[in-house]
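The primary structure of each chain is shown beneath.
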Amino acid sequence: MKLVRYGAKGAEKPGLMDGDTLRDLSAHVDDINGDMLGDAKLAELTKIDPATLPAVEGSPRIGACVGNFGKFLCIGLNYSDHAAETGAAIPEHPILFFKANSAIVGPNDDVVMPRGSTHTDWEVELGVVIGKEAKYVSKDNALDHVAGYCIVNDVSERHFQTQLTGQWTKGKSCDTFGPTGPYLVTRDEVPDPQNLAMSLDVNGKRMQTGNTATMIFSVAEIIEHLSQLFTLHPGDIITTGTPPGVGMGIKPTPVYLSKGDVMTLEIEGLGQQTQKVDQDG
């Protein structure tokens, strides 16, 4: 299934895609969130004939594909070729940082650079949504704890991230720096999360081209590692790193986003995002 949340920010309704038709799921679930992401509830939804659900008229705003989310966990430098372009060593363990939940927005909402930002960058990433509590799991059964997958743009202000002293979180957590969706694609539709083509364009120019096959740590290994440190709960989002082609890696002079730029992101089977860049005055 491709699960969707649509409507005004803060008032999104649950839906699912029936081919190209968005249909309303409100009669069956209150929201797409941790309360309904377990295998049993998802199995119930698969039994519904989509044709019996009301079609949603018009072109409503699409919200982040998970509501009432828990933790927003991010893995850094998880593609060997991206680590190389940034001049970083290959990590021995997954690099973890947190992104503020207030950064999460819909997949096509504007990305608004904060005041004074001159180094805002793009990062297409595979997002993993937890569906079943995970504590001390092994990589052999880690994917059983996944509800589904989505696209995340891990927008990053590089000066804030590296020059303001402290953790990466400063440059990762600005408002609107986490477009998520459009769909939560259930794991039965993604048989191999380690073989998904991904791309990102800026103003129609291809900047990132990659495949999840080149991850240093697989989705299963990331879940295993994190679950040794703390419990992963239904509705938690893990974003798993980016392939090469980010602005900071461009030689000889890095390239960063400006007001009016348009980013287009795509991951095989997971849909597409498009964001226009704005800036706080």
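Because the structure is a prediction, the values reported are computed rather than measured. (Residues numbered from 1 in each chain as written. Predicted model: local features only at pLDDT ≥ 70, side-chain atom pairs only at ≥ 80, totals over all residues. Heavy atoms only, no water.)

## Observations regarding the sheet that holds strand β15 (residues 205–211)
What counts is decided by this rule: At least two DSSP bridges between two strands are required for those strands to pair. To qualify as a helix, a DSSP run of H or I must reach at least 4 residues; to qualify as a strand, a run of E must reach at least 2; elements of each kind are numbered from the N terminus. Note on definitions: angles span 0 to 180 degrees between N-to-C directions of axes, and those axes are lines fitted to C-alpha atoms, for helices only across the stretch in contact.
With respect to topology, five strands assemble into an open sheet ordered β7-β18-β17-β14-β15, the strand pairing being mixed. Both outer strands of the open sheet, β7 (111–113) and β15, are each paired with one neighbouring strand and no more. Mean inter-strand twist for the sheet, computed between neighbouring axes without regard to direction, equals 20°. The pairing of strand β14 (residues 197–202) with strand β17 (residues 262–267) spans five bridges and is classified as antiparallel.

## Regarding the nonpolar core
Across soluble globular proteins, nonpolar side chains show a tendency to be buried alongside one another. Formally: In this text, buried Ala, Val, Leu, Ile, Met, Phe, Trp, Tyr and Cys residues form a nonpolar core when linked through side-chain atoms within 4.5 Å. Between buried and exposed lies partly exposed: a residue is buried under 20% and exposed over 50% of the maximum accessible area for its type, with that area taken using a 1.4 Å probe on protein chains only. Contact between two residues is taken to exist if any of their heavy atoms lie within 4.5 Å; hydrogens are not considered.
Ranked by internal contacts, the top residues of the largest apolar core, which has 44 residues, are Ile223, Leu232 and Ile238. Looking at this core, the elements with two or more residues in it are β4 (72–76), β7, β9 (124–130), β10 (146–153), β14, α5 (219–229) and β17. Broken down by element, the residue count for this core peaks at five residues, all from α5. Beyond its immediate chain neighbours, meaning those up to four positions away, leucine 232 contacts Lys71, Leu73, Ile130, Lys132, Glu133, Ala134, Ile223, Leu226, Ser227 and Ile238.

## A short note on the layout of surface pockets
Selection criterion: Buried and open spaces are told apart on a 1 Å grid over the protein atoms alone, a cavity being a set of points where a 1.4 Å probe fits but cannot get out and a pocket being an open set with protein on both sides within 12 Å along at least five of seven lines. Residues with an atom within 4 Å of a point are the lining residues. Grid points are joined across faces, edges and corners, and a volume is the space filled by probe spheres set on the points. Classification convention: Asp, Glu, Lys, Arg as charged; Ala, Val, Leu, Ile, Met, Phe, Trp, Tyr, Cys, Pro as nonpolar; all other residues, Gly among them, as polar.
Here the largest pocket is characterised by a volume of approximately 240 Å³. In this structure, the largest pocket is lined by 14 residues; those nearest its centre are Met17, Leu22, Ile62, Pro182 and Tyr183. Per-class residue counts for the lining of the largest pocket are eight nonpolar, five polar and one charged. Approximately 190 Å³ is the volume found for the second largest pocket. Lining the second largest pocket are 18 residues, and of these Leu77, His82, Arg158, Gln161 and Trp168 lie nearest its centre. Sorting elements by how many residues they give to the lining of the second largest pocket places helix α3 (residues 158–163) first, with three residues. Per-class residue counts for the lining of the second largest pocket are six nonpolar, seven polar and five charged.

## Considering the pattern of salt bridges
Going by this rule: Throughout this description, the term salt bridge denotes a Lys or Arg side-chain nitrogen within 4 Å of a carboxyl oxygen of Asp or Glu.
What the rule picks out here adds up to 16 salt bridges. For the salt bridge of glutamate 123 with lysine 172, the shortest nitrogen-to-oxygen distance reads 3.3 Å. Pair noted here: glutamate 123 is in the loop between β8 (120–121) and β9 and lysine 172 is in helix α4 (residues 169–172), with a separation of 49 residues, a long-range link. Judged by its relative accessible area of 4%, glutamate 123 falls in the buried class. The residue lysine 259 makes a salt bridge to aspartate 278 at a minimum N-O spacing of 3.8 Å. Of the two residues, lysine 259 sits in the loop between β16 (237–239) and β17 while aspartate 278 sits in strand β18 (residues 271–279), which places them 19 residues apart along the sequence.

## Digging into the pairing of β17
On β17, burial follows the alternation: Met263, Leu265 and Ile267 on one face are buried, whereas Val262, Thr264 and Glu266 on the facing-out side are not. Relative to β18, β17 is paired through six bridges, and the arrangement is antiparallel. Looking at β18, one finds that methionine 263 is bridged to glutamine 275. Between β17 and β18, which pair antiparallel and follow one another directly, the connecting turn spans three residues, one of which, glycine 269, has a positive phi of 80°.

## As for unusual backbone geometry
In this structure, proline 182 follows glycine 181 across a cis peptide bond, with omega equal to 15°. Topologically, proline 182 is positioned in the loop between β12 (178–179) and β13 (184–186). Residue proline 252 follows lysine 251 across a cis peptide bond; omega there is 0°. One non-glycine residue with positive phi stands out, namely tyrosine 136, at about 55°. Look at tyrosine 136 and you get exposed, because its relative accessible area is 55%.

Everything listed here is a matter of coordinates, which is why it stays silent on function.
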